Structure formats: structure tokens, C-alpha cells
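Understanding the architecture of this molecule
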Amino acid sequence: MDPRTYDALYRPARLTPPRRHTPVALLAAGLWVLTMTSLACLGFVVGTTALWSAAEGMPVGGFLLRCFAGLFGGAAVLVAVRLVPGVRHMSADTRSLLLAVLACPIPLALAMTLWFYAA
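**A closer look at a nonpolar patch on the surface**
There is a patch of nonpolar side chains on the surface, built from M36, L39, F68, L71 and F72 and spanning about 490 Å² of accessible area. Those elements that provide at least two residues to the nonpolar patch are α2 (23-55) and α3 (61-82). Of all the elements, α3 adds the most residues to the nonpolar patch, at three residues. Here F72 lies in helix α3.

**A few points about the environment of L108**
Relative to the elements of secondary structure, L108 occurs in helix α6 (residues 105-118). A relative accessible area of 24% means that L108 is categorised as partly exposed. Through-space distance from the C-alpha of L108 to that of L39 is 7.8 Å; in sequence the pair is 69 residues apart. Excluding residues within four positions of it along the chain, L108 makes contact with L34 and S38.

**Quick look at the nonpolar core**
Grouped together as the largest cluster of nonpolar side chains are five residues: A28, L31, L97, A100 and C104. Taken together, the elements giving at least two residues each to this core come down to α2 and α5 (92-103). Setting aside its immediate chain neighbours within four residues, A28 contacts D93, S96, L97 and A100.

**Concerning the packing of α2 against α6**
Interhelical geometry of α2 versus α6 gives an angle of 50° and a closest axis separation of 8 Å. Overall, the two elements α2 and α6 adopt an arrangement that is oblique. The hand of the α2/α6 crossing is left-handed. Residues L34, T35, S38, L39, C41, L42 and V45 of α2 form the contact with α6, whose own contacting residues are P107, L108, L110, A111 and L114. Residues of the contact of α2 with α6, tallied by class, amount to ten nonpolar, two polar and no charged.

**Some thoughts on the side chain of T35**
Residue placement: T35 occurs in helix α2. Note on T35: relative accessible area 2%, which makes it buried.

**A few points about the layout of surface pockets**
One number sums up the size of the largest pocket: a volume of about 700 Å³. Around the largest pocket, the lining comprises 23 residues; the ones closest to its centre are L39, L42, G70, L71 and P107. Of the residues contributing to the lining of the largest pocket, the split by class is 18 nonpolar, five polar and no charged.

Scoring rules and cut-offs
Residues numbered from 1 in each chain as written. Predicted model: local features only at pLDDT ≥ 70, side-chain atom pairs only at ≥ 80, totals over all residues. Heavy atoms only, no water. Patch = residues over 30% accessible without salt bridge, like charges linked within 9 Å, V, L, I, M, F, W, Y side chains within 5 Å. Areas by Shrake-Rupley, 256 points an atom, 1.4 Å probe, with all protein chains shown as cover. Salt bridge = Lys/Arg side-chain N within 4 Å of Asp/Glu carboxyl O. Helix = DSSP H or I, 4+ residues; strand = E, 2+ residues; numbered from the N terminus. Buried < 20%, exposed > 50% of the residue type's maximum accessible area, 1.4 Å probe, protein only. Contact = heavy atoms within 4.5 Å. Core = buried A, V, L, I, M, F, W, Y, C linked by side-chain atoms within 4.5 Å. Axes fitted to C-alpha atoms, helices over the stretch in contact; angles between N-to-C directions. Parallel < 35°, antiparallel > 145°, perpendicular 65-115°, else oblique. Left-handed = near helix turned anticlockwise from the far one by under 90°. Nonpolar A, V, L, I, M, F, W, Y, C, P; charged D, E, K, R; others polar. 1 Å grid on protein atoms, 1.4 Å probe; cavity = no way out; pocket = protein on both sides within 12 Å on 5 of 7 lines; lining within 4 Å. Points joined across faces, edges and corners; volume = space filled by probe spheres on them.

Quick look at the structure:
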């Protein structure tokens, strides 16, 4: 057996250094956390409203359909932006930051409005 082959197969594994997180990646992660938190808040309110409405005997199909249409419409916009050739060739951190900047404002504004007007 060739000694290089034996060495490649049986030598101890080389540990790769951990990936450094750039400020761009940290900012993108923070924006995604804000987006997901506000979407969870809105989902809770929509679910609670639908449950209460159904318990009172009101039809909730149209309400839920509009909510899901808005959610899937927003997701479709993000996928369309992700597939644009200029965005596709960006680095992963920059692409994630761009999509987070596009995704964050609307659910965050809705959740904040809900929070301040519900009190």
C-alpha cells in the first residue's frame, strides 16, 4: 500500500478551526430573531382569535385564509428575491442579511401595533 494512502486513511483527523462570525452574520441573526419572534406573536393572536370565534359559532375560514395568504405571499416574495441572479451570487451572510432586512419590518410593525393598541 502506498504510504500516502495509508496516511490519508488512518492518520488522526485534523480539526478545522471554528468559523468566525462576522458582524454581518450576527446582524442577520438578530434581525431573523426579531422577525420570528414577531411572527410567533402574530400567530398566537391569530390562533387565539380563530379559536374564540369558532367557540362562539362564527365562521373563521375567511379570516384564516386571509392570514395564511399574507404569510405565504410574504414567503413567496422572499423566495423570488432569493432566486434573483444578483442575490444568488452574494455570499451567504450578505444574502441572509438582505432577506432579513426585507422580512423584518412588516411583522415587527404589526406586532408592535398589536402590542400598543391591545393595552
